[in-house]
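The lines below spell out each chain.
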Amino acid sequence: MKITVIGTGYVGLVSGTCLAEVGNDVLCLDVDPAKIKTLEEGGIPIFEPGLQEMVRRNVAAGRLHFSTDLERAAHFGTIMFIAVGTPPGEDGSADMKYVTAAARNIGKYMTDYKVIVDKSTVPVGTADIVKAAVAEELKKRGVDTPFSVVSNPEFLKEGAAVEDFMRPDRIIVGCDDEQAVLYMRALYAPFQRKHDRLIVMDIRSAELTKYAANAMLATRISFMNELANLAEKLGADIESVRKGIGSDPRIGYDFLYSGAGYGGSCFPKDVKALIKTAAVDAGMELQVLTAVESANDAQKHVLGTKIKARFGNDLAGKHFALWGLAFKANTDDMREATSREVIKDLLAAGATVTAFDPEAMPEAQHCFADLKGLSYAPNQTAALKNADALVIVTEWKEFRSPDFDTLKAKLKTPVIFDGRNMYDPKLVRGLGFEYLAIGR
Ligand SMILES: NC(=O)c1ccc[n+]([C@@H]2O[C@H](COP(=O)([O-])OP(=O)(O)OC[C@H]3O[C@@H](n4cnc5c(N)ncnc54)[C@H](O)[C@@H]3O)[C@@H](O)[C@H]2O)c1
C-alpha cells in the first residue's frame with residue numbers, strides 16, 4: 001500500500017517506519033525541515049530503542065521516504081495518517097491547529113480517493129472537523145474527490161514504541177464506512193497474524209477510547225501515589241501493599257508503582273483535555289480526573305519537600321546530584337517531566353544541581369537553557385562530585401544497581417532521595433545510607 005504519514009514525531013516516525021517494515025511504501029512528511037534533514041542524512045531526531053536500525057533498513061530498501069513537500073505528500077498515499085502534535089492550549093483543551101492544518105493540506109492537493117486516518121490523540125468530534133476541513137478545501141477547488149475519515153488512536157509507549165507497534169495488544173478503528181474498514185483491515189493484517197486484534201467501533205467511541213485509556217492509567221498512578229504518601233505517615237510499606245493488591249486479578253500488577261508523579265507528552269495533556277471536553281462539550285465535571293490531576297501536580301513536589309525537610313528550607317550552599325531527566329526511562333522526552341519541577345524547587349531554595357541522564361541531556365540543555373545553578377555531568381558517578389545528597393528522578397536501568405561504596409564515598413552525606421523506589425530500603429539503610437523513597 002502507499003501510505004503518507006503527516007507529522008514525523010514519536011508517533012509518526014515509529015508508525016511510518018513499522019508500516020514500511022512490513023512492505024508498504026511510506027512517505028513521512030513534516031513541516032520541520034531540520035527534522036527531515038536529519039532523517040535524510042541517516043540520523044533520527046529522537047531516541048527510541050530499535051528505531052534507528054529499522055529506519056536505515058527501510059530507507060535502504062526504498063520503502064521509506066521523508067519530505068517537507070505538502071503537495072507530494074498529498075499525492076503519495078492512498079492512506080493518509082495524521083500524526084501531528086495535539087499539545088494543550090491555554091485553557092487545557094487539545095490544540096487542534098496542527099490537525100486542521102494537516103487536513104486542509106490534504107484537501108488542497110488530493111486528486112484521488114483517500115482514507116484519512118486520525119492517529120493523533122484528538123477530542124471526540126475531531127473526525128467531523130477533519131471531514132469539514134477537507135471538504136471545504138475540495139469545494140474551493142471545485143472538485144468532489146471522495147474520501148473517508150477514520151479514527152485510529154495510537155497506544156504505543158515511548159521506550160517500547162517499535163515493539164508496541166509491531167505487536168499491538170489491540171488496534172482501535174473508529175469508522176462508519178465499510179470501504180475504509182477494509183483498507184484498515186488489510187493495512188493491519190501483518191501486525192496481527194496470530195489472532196484478530198482489530199476492534200471496529202463508531203468514530204466517537206474510538207476517539208474517547210484513547211482518552212479513557214490514558215485517564216485510567218493516570219488514575220492508577222495518582223491512586224498509588226496518594227496511598228504511598230499515606231503509607232509513609234502510617235508506617236506501612238507501599239511496595240508490600242502493591243504486591244498485596246496486585247495479586248488480585250481484578251487489579252493486576254501493572255501500572256501500580258508509586259513515584260514522584262507522572263509526566264510525558266500524553267498523560268498530563270490527555271487528562272487535562274478530557275476534563276476540558278467534559279466541561280465544555282457536556283457541561284460535566286469529571287471529579288475523579290480532576291483529583292487525579294491535582295494529586296499528580298502535588299506529587300511532582302514530593303521530592304523537593306523531602307529534601308527541604310532533611311536539609312532545611314534554605315538550601316543555599318547545598319549541592320545535589322540528580323540522576324534522570326527524561327520523564328521515564330528509555331526516552332529522551334522531557335515534556336512535563338518531573339525533573340523540571342524538582343530542579344526548579346531546588347534552585348528556588350538556593351541549591352545547585354548537577355544532573356545526568358543517559359539520553360535526555362541534549363533535550364534538557366535546550367529546555368533549561370536559562371537556568372542558573374544547573375550543570376551536567378558526563379556520567380552518573382561524575383554527577384556525585386561535591387554533592388550533599390543524591391536525588392533519583394528517572395528509573396533508568398543503569399541506576400538500578402550502582403556501586404554503593406563509591407556512592408557513599410563521593411557524597412558529602414550519605415543520603416539518597418529516590419523518586420522511583422529503585423532500591424531495597426533494608427539493603428541501602430544497612431549500607432549506612434539515609435534512604436528517603438516514596439511510601440517506604
Ligand atoms: N508520544 C507518544 O508516546 C504518543 C503515544 C500515543 C499517542 N500520541 C499522540 O500522537 C500525537 C503526536 O504525538 P508525538 O509525540 O508524535 O508528537 P511530536 O511533537 O513528537 O511530533 C509531531 C510532529 O508533527 C509535525 N507537524 C506539525 N504540524 C504539521 C503539519 N501540518 N504537517 C506535517 N507535520 C506537522 C511537527 O513538526 C512534529 O514533528 C499526539 O496527539 C499525541 O498525543 C503520542
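Let us look at the structure shown here. Since this is a predicted model, take the numbers as computed values, not measurements.

Details of the overall build of the protein chain
Phase 1: Summing up its helical and strand segments, the protein chain has 17 helices and 14 strands in all.
Phase 2: A globule of 440 residues ought to have a C-alpha radius of gyration of about 22 Å, and the protein chain, at 24 Å, matches this closely.
Phase 3: Taken along the three principal axes of its C-alpha coordinates, the protein chain extends 75 × 45 × 45 Å.
Phase 4: Looking at the protein chain alone, contacts between residues at least 24 apart form 73% of all its contacts between residues at least 6 apart.
Phase 5: Element-wise, carbon and sulfur atoms account for 53% of the exposed surface of the protein chain, whose accessible area totals about 19,300 Å².

Digging into the sheet that holds strand β12 (residues 389-392)
Phase 1: Reading across from one edge, β11-β10-β9-β12-β13-β14 is the order of the six strands in this open sheet, with parallel pairing throughout. Edge positions in the sheet fall to β11 (374-376) and β14 (434-436), since each of these pairs with one other strand and no more. Adjacent strand axes in the sheet meet at a mean angle of 20 degrees when their direction is disregarded.
Phase 2: Sheet topology places β12 next to strand β13 (residues 415-418); three bridges connect them, and they run parallel. Looking at the pairing, Ile392 lines up with Asp418 of β13.
Phase 3: Each of β9 (319-323), β12, β13 and β14 is contacted by helix α13 (residues 302-311), which is oriented at about 160 degrees to β13, the strand it contacts most.

Observations regarding the site of the ligand
Phase 1: Near the ligand you find 26 residues, and of these Asp30, Lys35, Thr86, Glu158 and Lys269 are the closest.
Phase 2: A distance of 2.5 Å separates an oxygen atom of the ligand from a polar side-chain atom of Thr86.
Phase 3: Between the ligand and Ser265, the relevant distance is 3.3 Å, taken from a nitrogen atom to a side-chain nitrogen or oxygen of the residue.

Considerations on empty space enclosed by the protein
Phase 1: Within the structure shown, the criterion is met by two cavities of 30 Å³ or more.
Phase 2: Lining of the largest cavity is provided by Thr4, Ile6, Leu29, Leu70, Ala73, Ala74, Met80, Ala102, Asn105 and Ile106.
Phase 3: Of all elements in the fold, only β1 (2-6), α4 (70-76) and α5 (97-109) reach the threshold of two or more residues within the lining of the largest cavity.
Phase 4: Across the lining of the largest cavity, the residue classes break down as eight nonpolar, two polar and no charged.
Phase 5: Empty space within the second largest cavity amounts to approximately 30 Å³.
Phase 6: For the lining of the second largest cavity, the class distribution of residues is two nonpolar, four polar and three charged.

Details of the pairing of strand β10 (residues 352-356)
Phase 1: Summarising burial for β10: four of the five residues are buried, a large majority.
Phase 2: Alignment of β9 against β10, held across five bridges, turns out to be parallel. Residue pairing for β10: Ala321 is matched across the bridge by Thr354.
Phase 3: Crossover handedness for the path β9 to helix α14 (residues 338-348) to β10: right-handed.
Phase 4: At this point the chain moves from β10, through helix α15 (residues 361-367), to the parallel β11, and the crossover so formed is right-handed.

Observations regarding the nonpolar core
Phase 1: Grouped together as the largest cluster of nonpolar side chains are 50 residues, with contacts concentrated most on Phe320, Trp323, Leu325, Leu390 and Tyr423.
Phase 2: Contributions of two or more residues to this core are made by α13, β9, α14, β10, α15, β12, α16 (404-410) and β13.

The rules behind these values
- Residues numbered from 1 in each chain as written.
- Predicted model: local features only at pLDDT ≥ 70, side-chain atom pairs only at ≥ 80, totals over all residues.
- Heavy atoms only, no water.
- Helix = DSSP H or I, 4+ residues; strand = E, 2+ residues; numbered from the N terminus.
- Rg over C-alpha atoms; globule rule 2.2 N^0.38 Å.
- Contact = heavy atoms within 4.5 Å.
- Areas by Shrake-Rupley, 256 points an atom, 1.4 Å probe, with all protein chains shown as cover.
- Pairing = 2+ DSSP bridges.
- Axes fitted to C-alpha atoms, helices over the stretch in contact; angles between N-to-C directions.
- Near = heavy atom within 4 Å.
- Polar contact = N/O pair within 3.5 Å; in protein donor to acceptor, adjacent residues only side chain to side chain.
- 1 Å grid on protein atoms, 1.4 Å probe; cavity = no way out; pocket = protein on both sides within 12 Å on 5 of 7 lines; lining within 4 Å.
- Points joined across faces, edges and corners; volume = space filled by probe spheres on them.
- Nonpolar A, V, L, I, M, F, W, Y, C, P; charged D, E, K, R; others polar.
- Buried < 20%, exposed > 50% of the residue type's maximum accessible area, 1.4 Å probe, protein only.
- Right-handed = clockwise from strand over helix to strand, strands pointing away.
- Core = buried A, V, L, I, M, F, W, Y, C linked by side-chain atoms within 4.5 Å.

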